[in-house]
Amino acid sequence: MELSPVVNALISSFEEQKQYTKEGVHPSVSGTVSLLAVLYEKARNAVEFRAEHLVRRAAIERILKRRIILNGGSSTIAENLILELLWAKYIDSALVDDDKIAELQHIIERYLTLKHHVFSEVSHKDGVSWESMLGLASSEIEETLVSARRREALTNFFYQAIRPKIQLPQADERFVNIQTYIAIERAYNQADQALLLFHLMKMIQPEWFTLAAHDAPAHANELLTNLSLVSRNLGDPIGEPLSRFVRKHSPPFLLVRDFFLEVADPRSVIDKPEEFEKKLTELASIRYQEIGVKVRRAMIRSIIYIFLTKMIFAFALEAPFDYYIAKRISYLSLAINTLFPPILLFLVAGFISIPGADNTKRLIGRITKIFYHFDELKEEIDVFSTDKQIRRPILMAVFSLFYLATFLISFGLISFMLTKLEFSIASQLIFVFFVTLVSFFAYRIRASAKEYDMGDRQGFLSPMVDFFFLPVLRVGHILSREIAKINIFIFLFDFILEAPLKVIFEVAEEWIRFVRTKKDEII
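Focus: the overall build of the protein
Okay, so step 1: Scanning the protein for helices and strands turns up 20 helices and 4 strands.
Okay, so step 2: For the protein, whose C-alpha radius of gyration is 26 Å, the value lies close to the compact-globule estimate of 24 Å for 523 residues.
Okay, so step 3: Projecting the C-alpha coordinates of the protein onto the three principal axes gives extents of approximately 75 × 70 × 50 Å.
Okay, so step 4: Within the protein, buried positions represent 44% of all 523 residues.
Okay, so step 5: Long-range pairs, those at least 24 residues apart, make up 82% of the contacts in the protein with a sequence separation of at least 6.
Okay, so step 6: For the protein, the centre of its 62 positive side-chain charges and the centre of its 63 negative side-chain charges are spaced 6 Å apart.

This is how it looks when you write it as C-alpha cells:
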C-alpha cells in the first residue's frame, strides 16, 4: 500500500539510527548523595504543580538561575549543572562527556554575554525579561542533552494533518501557521511558556542557537524583537479556541505517538494493516488500564500541592481571625475546610469511566484513515474558522445574561449554606477559595484522563450540572493562575534551602571521591 510522503517522512525519522551513548569519559556521582538529591527534588517539586515531562527543564532553569547568581560568569557552571542533574537522576551519565559539557558551557556563555550587554542594569528590555531568557536557555540546554528529533517529527506530522482545517481568511498565512503550531504545542505536547518560546524561536531565528558568545550582542536587538513578536502571538485571543479545536483532534495522534515510541520497526507493522490495527488495539488497552494509576497519582500530587502551598497559609489567617476578631473559634468550620477539599477532589476526579471497545474502534478507524488516506484529510468539512455566524443572537444574549446570573446563584447558595453553619467571613472566603481551586484541579485531572477519548459522553443532567458548575471552575482557574505566582514554599526551597544544601552535597561528593581514591591506592 502506497503511503503519503508526509507519513513516509514520519516513519523515516524513526528509522534513522541515533547514537545514544557519548564516547569519552562520563561523569559519575555518589549513590548516597544521589539518593539525598532525589529526595530533595521530590520535596521541591511537590510545592509546584507541573506536568511530569516539564520537570527536568524547570529544574535546569532553577539550577542555572542559582548558579548564575552565586557564580556569575564562572567557567564551571555547565559542569556543576550536569553534576546536579546527575544527582537528581534527571539525565543518564551516558549522555554526557567532556565535549558535551564544553558545548553546554558555550551555550551558557552566550546567554551570560547577552545578560552583560542587555540585562546588566535592568530586568526587562523591550518587553522581554531575563526570566524569559533563562527559560530559553534551559530549553536549549535540555534539547542539547536529550534529542527532541522524534518529538519534532511527531509534532510536524500532526501539524501537516491539522493545518488544512484551520481557516482564518482575515489573517495572513504566517500568523495562521504560528497560531496552529502554538495550539499543537499546548494541546498535544502540553508545552509550557519557555518551551513554546524556544521552539518558535528555532523557527523564526535559528541562527541564534549556533552563535558564539562574542557574537551574541550583535544579534541581541533582533532576538528581543522576535521574542516580543512570539509573546504577542502567545497572548492572542485566537489561541484558546484554537487549542480546544486541536485538543479535540488529539486522541488518535497520541496513540500514534505511543506506537512510534514503543515499536522498534514501525514500517514493517504499518505495511500490514491487520498487524497495525492489532498493535494499536493492544496499545490502547494498555493506556486505558494506566488511567486509574495516572488519576490516583495526579490526585495525590494535587492534594499535597494544595495543602503545602495554600491550606497552611489560609488557616494561618482563619484561626487568628476567629480568635481575635470573631472572638470564637469554630471547630466545625475548621473541620469542614480541612476535610471537604480532598473529599471533593476524590468525588469529582476519583470516579472516571475508562474508554471501551467502541472508543478503540473509532480511534483505530481514524488512525488508519490518517496513515493510508492522508491526502483525503484536507477534504474533510470539520474545520476551524472565525467566520461562523452566531445563530439566534438574541437567544445567545439571553444565555450570556443567564450565565452571568449563575455566578450569583452558585456562590449565593454556597454563602447561604455556610452562613447557616455559622461560618465567619474568613471561614467562608477560605471555603470558597479551596472549593474553586480543588474543583479546577479535579477538572484538569478528569480532562487528562480522557485524552484518548474520541467522544464527549454526557449524562442526561450533565449540561445543567456543568452550567452551574462553570462559575466555580472559572474562579478556580483564575485563582490557580494568579496565586501560583505567590508561593512562599518555592521561595523557601529555592533561596533559603537549596543553595546551602547543594554546597553540602558537593562537599559530600568530593569527600566520597577522595575516600574512594585513597582506597584504590591501597588496593
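Next, the rest of the story.
Focus on the nonpolar core
Okay, so step 1: Counting residues in each nonpolar core, the largest one holds 55 residues, and the members touching the most others are Y111, M133, L136, I141 and W208.
Okay, so step 2: The set of elements that each furnish at least two residues to this core consists of α3 (55-71), α4 (77-87), α5 (98-118), α6 (130-145), α8 (173-187), α9 (193-204) and α10 (220-234).
Okay, so step 3: Dropping the residues within four chain positions of it, Y111 is found in contact with W130, M133, L136, A137, E140, W208 and F209.
Okay, so step 4: Ranked by size, the runner-up nonpolar core spans 47 residues in total, among them A187, V263, V269 and Y288.

A word on the pattern of salt bridges
Okay, so step 1: If you walk through the whole model with that rule in mind, you get 34 salt bridges.
Okay, so step 2: Of the charged contacts, one joins K100 and E103 as a salt bridge, the two residues approaching to 3.5 Å between their closest N and O atoms. One end of the pair, K100, and the other, E103, are both in helix α5, 3 residues apart, so they sit about a helical turn from each other.
Okay, so step 3: In this structure K100 comes out as buried when scored by relative accessible area, which is 10%.
Okay, so step 4: Taking the relative accessible area as the measure of exposure, E103 reaches 37% and is therefore partly exposed.
Okay, so step 5: Its salt-bridge partner being R513, residue E510 comes within 3.5 Å of it at the nearest N-O pair. Within this pair, E510 and its partner R513 are both found in helix α20 (residues 488-522), separated by 3 residues, close to a single helical turn.
Okay, so step 6: Residue classification places R513 among the partly exposed positions, given a relative accessible area of 33%.
Okay, so step 7: Each member of the salt-bridge network shares a partner with another, and the members are E41, R62, R66, R67, E84, E498, K502 and E506.

Quick word on helix α7 (residues 149-162)
Okay, so step 1: With 14 residues, α7 should reach 20 Å at 1.5 Å per residue; the first-to-last C-alpha distance of 20 Å fits that figure.
Okay, so step 2: For α7, the set of buried residues is A153, L154, T155, F157, F158, Y159, A161 and I162.
Okay, so step 3: Tucked into the core, α7 has its buried residues touching α1 (5-15), β3 (166-167), α8, α11 (239-248), α12 (251-262) and α16 (357-372).

Brief notes about the packing of aromatic side chains
Okay, so step 1: Applying the stated criterion to the full structure yields 21 aromatic pairs.
Okay, so step 2: Relative to Y372, the ring of F276 lies with its centre 6.1 Å away and its plane at 80°, an arrangement referred to as edge-to-face. Here F276, found in helix α14 (residues 273-325), pairs with Y372, found in helix α16; they are 96 residues apart in sequence, far enough to count as distant.
Okay, so step 3: The ring of W130 has K115 lying over it, and the distance from NZ or CZ to the ring centre is 5.7 Å.
Okay, so step 4: In this structure, R257 is placed above the aromatic ring of Y188, and the distance from its NZ or CZ to the ring centre is 4.9 Å.

A word on a nonpolar patch on the surface
Okay, so step 1: A cluster of nonpolar side chains, I69, L70, F491, L492, F495, I496 and L497, forms an exposed patch at the surface whose accessible area comes to about 680 Å².
Okay, so step 2: In terms of residues, the nonpolar patch owes the most to one element, α20, which gives 5 residues.
Okay, so step 3: In this fold, L492 is placed in helix α20.

A closer look at the environment of S30
Okay, so step 1: Within the secondary structure, S30 is located in the loop between α1 and α2 (31-46).
Okay, so step 2: With sequence-adjacent residues up to four places away left out, S30 is seen in contact with E509 and I512.

Some words on the packing of α8 against α10
A pair of packed helices can be characterised by two numbers: the angle between their axes and the separation between those axes.
Okay, so step 1: With their axes 10 Å apart at the nearest point, α8 and α10 run at an angle of 70° to one another. Viewed along their axes, α8 and α10 adopt a mutual orientation that is roughly perpendicular. In this structure, α8 meets α10 at a crossing whose hand is right-handed. Side by side, α8 and α10 meet where R174, F175, I178, Q179, I182 and R186 of the first sit next to L229, N233 and L234 of the second.
Okay, so step 2: Here the residues of the contact of α8 with α10 sort into 5 nonpolar, 2 polar and 2 charged.

With respect to unusual backbone geometry
Okay, so step 1: One non-glycine residue, Q190, lies in positive phi territory at about 50°.
Okay, so step 2: Looking at the element boundaries, Q190 is found in the loop between α8 and α9.
Okay, so step 3: One non-glycine residue with positive phi stands out, namely E422, at about 65°.
Okay, so step 4: According to the relative accessible area criterion, E422 is exposed, its value standing at 51%.

So, the confidence of the model for the protein
Okay, so step 1: The predicted model of the protein averages 86 in pLDDT, with 90% of residues at 70 or higher.
Okay, so step 2: The secondary structure element of the protein with the lowest average pLDDT is helix α19 (residues 462-483), at 74, and the one with the highest is α6, at 96.

Structural notes on the packing of α1 against α12
Okay, so step 1: Packing of α1 against α12 leaves a shortest axis separation of 10 Å and a crossing angle of 35°. Here α1 runs over α12; the crossing is right-handed. Side by side, α1 and α12 meet where L10, I11 and F14 of the first sit next to V256, F260 and L261 of the second.
Okay, so step 2: Considering only residue class, the contact of α1 with α12 consists of 6 nonpolar, no polar and no charged.

Examining the side chain of E498
Okay, so step 1: With respect to the element layout, E498 can be found in helix α20.
Okay, so step 2: When its relative accessible area of 0% is taken as the criterion, E498 is described as buried.
Okay, so step 3: At a separation of 2.8 Å, a polar atom in the side chain of E498 contacts the side chain of R62.
Okay, so step 4: A distance of 3.0 Å separates a polar atom in the side chain of E498 from a polar atom in the side chain of R66.
Okay, so step 5: Once residues within four sequence positions are removed from consideration, E498 is found in contact with Y40, R62, R66 and F493.

The rules we used
Residues numbered from 1 in each chain as written. Predicted model: local features only at pLDDT ≥ 70, side-chain atom pairs only at ≥ 80, totals over all residues. Heavy atoms only, no water. Helix = DSSP H or I, 4+ residues; strand = E, 2+ residues; numbered from the N terminus. Rg over C-alpha atoms; globule rule 2.2 N^0.38 Å. Buried < 20%, exposed > 50% of the residue type's maximum accessible area, 1.4 Å probe, protein only. Contact = heavy atoms within 4.5 Å. Lys, Arg positive; Asp, Glu negative; His and termini not counted. Charge placed at Lys NZ, Arg CZ, Asp CG, Glu CD. Core = buried A, V, L, I, M, F, W, Y, C linked by side-chain atoms within 4.5 Å. Salt bridge = Lys/Arg side-chain N within 4 Å of Asp/Glu carboxyl O. Expected span 1.5 Å × (residues − 1). Phe/Tyr/Trp six-rings, centres within 6.5 Å; stacked < 30°, edge-to-face > 60°. Lys NZ or Arg CZ within 6 Å of the ring centre and 35° of its normal. Patch = residues over 30% accessible without salt bridge, like charges linked within 9 Å, V, L, I, M, F, W, Y side chains within 5 Å. Areas by Shrake-Rupley, 256 points an atom, 1.4 Å probe, with all protein chains shown as cover. Axes fitted to C-alpha atoms, helices over the stretch in contact; angles between N-to-C directions. Parallel < 35°, antiparallel > 145°, perpendicular 65-115°, else oblique. Left-handed = near helix turned anticlockwise from the far one by under 90°. Nonpolar A, V, L, I, M, F, W, Y, C, P; charged D, E, K, R; others polar. pLDDT = per-residue confidence, 0-100. Polar contact = N/O pair within 3.5 Å; in protein donor to acceptor, adjacent residues only side chain to side chain.

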